[in-house]
Amino acid sequence: MTMTRMLLLGLFAPLVVAAPALAESPFDGTWKIDLGASKLPEKPDVFLLKDGVYECRSCAPAFKVKADGAFHSVAGHPYYDAVSIKVVDPRTVVETDRKGAKTVVSSTNSVSADGRTLDFSFKDMTAASGAVVTGKGTQTRVARGPAGSHAISGSWRTTSLSNFSENGLVLTFKEQGGMFSMSTPTGQSYTAKFGGPAVPVKGDTGGTHAAVKKTGPRAFEETDTRGGKVVMVIAGTVSPDGKTMTATVDDREHGGHATYRLARQ
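Values in this document were obtained by computation on a predicted structure and should not be read as measured data. (Residues numbered from 1 in each chain as written. Predicted model: local features only at pLDDT ≥ 70, side-chain atom pairs only at ≥ 80, totals over all residues. Heavy atoms only, no water.)

Moving on, we get to the nonpolar core. Membership of the largest hydrophobic core comes to 53 residues, with the highest contact counts inside it found for Tyr54, Phe63, Phe180 and Tyr190. With 4 residues, the top contributor of residues to this core is strand E18 (residues 229–238). (Core = buried A, V, L, I, M, F, W, Y, C linked by side-chain atoms within 4.5 Å. Buried < 20%, exposed > 50% of the residue type's maximum accessible area, 1.4 Å probe, protein only. Helix = DSSP H or I, 4+ residues; strand = E, 2+ residues; numbered from the N terminus.)

The element strand E17 (residues 219–226) is extensively covered by neighbouring structure, given that 6 of its 8 residues are classed as buried. By the bridge criterion, 7 bridges tie strand E16 (residues 209–216) to E17 in an arrangement that is antiparallel. Each residue of the ladder has a partner; that of lysine 213, found in E17, is glutamate 221. Joining the antiparallel neighbours E16 and E17 is a turn of 2 residues. Note that E17 and E18 share 8 bridges and pair antiparallel. Pairing of aspartate 224 across the sheet is with methionine 232, part of E18. Connecting E17 to the next strand, E18, in antiparallel fashion are 2 residues, including glycine 227 with a positive phi near 60 degrees. (Pairing = 2+ DSSP bridges.)

For the rest of this paragraph, the subject is the pattern of salt bridges. Taken as a whole, this structure holds 8 salt bridges when the rule is applied. For the salt bridge of lysine 32 with glutamate 166, the shortest nitrogen-to-oxygen distance reads 3.1 Å. Of this pair, lysine 32 sits in strand E1 (residues 29–39) while glutamate 166 sits in the loop between strand E11 (154–162) and strand E12 (170–176), placing them 134 residues apart in sequence. A residue is classified by how much of its surface remains accessible, and lysine 32, at 24% relative accessible area, is partly exposed. Note on glutamate 166: relative accessible area 45%, which makes it partly exposed. A salt bridge links glutamate 55 to arginine 57; its shortest N-O distance comes to 3.2 Å. (Salt bridge = Lys/Arg side-chain N within 4 Å of Asp/Glu carboxyl O.)

A few words on the packing of aromatic side chains. Here a ring pair, both rings aromatic, is described through the centre-centre distance and the interplanar angle of the planes. Within the structure shown, the criterion is met by 11 aromatic pairs. Through pairs of rings, three or more aromatic residues link up here, namely Phe27, Trp31, Phe173, Phe180, Phe194 and Phe220. If you follow arginine 98 out to its NZ or CZ, it ends over the ring of phenylalanine 71, 3.9 Å from the centre. (Phe/Tyr/Trp six-rings, centres within 6.5 Å; stacked < 30°, edge-to-face > 60°. Lys NZ or Arg CZ within 6 Å of the ring centre and 35° of its normal.)

A few words on the sheet that holds strand E14 (residues 189–193). On the basis of which strands lie adjacent, the open sheet formed by 10 strands has the order E14-E13-E12-E1-E20-E19-E18-E17-E16-E15 and antiparallel pairing. A strand with exactly one partner marks an edge of an open sheet, and here the two such strands are E14 and strand E15 (199–200).

This next bit is on the state of the cysteines. The final tally for this structure, using the stated rule, is 1 disulfide. A sulfur-sulfur distance of 2.0 Å marks the disulfide that ties cysteine 56 to cysteine 59. With the S-S bond torsion at 80 degrees, the cross-link from cysteine 56 to cysteine 59 turns out right-handed. In this structure, cysteine 56 and cysteine 59 share a single accessibility class: buried. (Disulfide = S-S within 2.5 Å.)

Let us now look at unusual backbone geometry. Residue alanine 60 is joined to proline 61 through a cis peptide bond whose omega torsion reads 0 degrees. Its location among the elements puts proline 61 in the loop between strand E3 (53–56) and strand E4 (63–66). The phi dihedral of aspartate 51 falls on the positive side, at around 55 degrees, and the residue is not glycine. Positive phi outside glycine occurs at asparagine 163, with the angle close to 55 degrees. Take asparagine 163: it is sitting in the loop between E11 and E12. Relative accessible area serves as the criterion here: at 57%, asparagine 163 is assigned to the exposed category.

Here it is, written out as structure tokens:
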């Protein structure tokens, strides 16, 4: 997956809680990400496909596998441990990621005839619940790959996301008694004490833990860790009228930054 897809799908790795009729906290309720009002990461994804070998240089950690359609082991990735790269034609590549015997992500990436844009569509099945999230997006070329390489080679920045399935955009929050709960329709959830220790994110197959602190009357900060290492910091702020929330995402693994706008449902 591209860095942008990872940021969005991991925006909150959050108990499905029904929104109360009268919210006691500005966070309480169900929120939906507005892709059109979001600022996507400017740091590009970097790929190289040449001489039958595919490299994802912007992945964390970077990996290199044969582009022969077979699965090849990769190390250090929390959500997958094997990757298959199938070259469909000179402008199209299909990537399939697997963890154990389970396929967790599949994506089709197609470069335009002029080589300037890359359209992708993906199916994400990383949730332990088996829920499937689908979506599409477009990337714009930042730099070309070396001579003789496949069209997908080079640096690409994501410029738009669209057609996400509803379960990949909706989140539910609840604050009660100094505790903060977050959830997704795909089954990831946690309930953590404000200012308390990190807790495991249920339904997350990457082993993520989350700690939350209140940074203002309408603001909170979530810090995600894996193996004790900080991988993502998310700062959420609810607008004075309570209708929208702005979430800034600092991806410590990939060095990417994004801002998402959420609307109260």
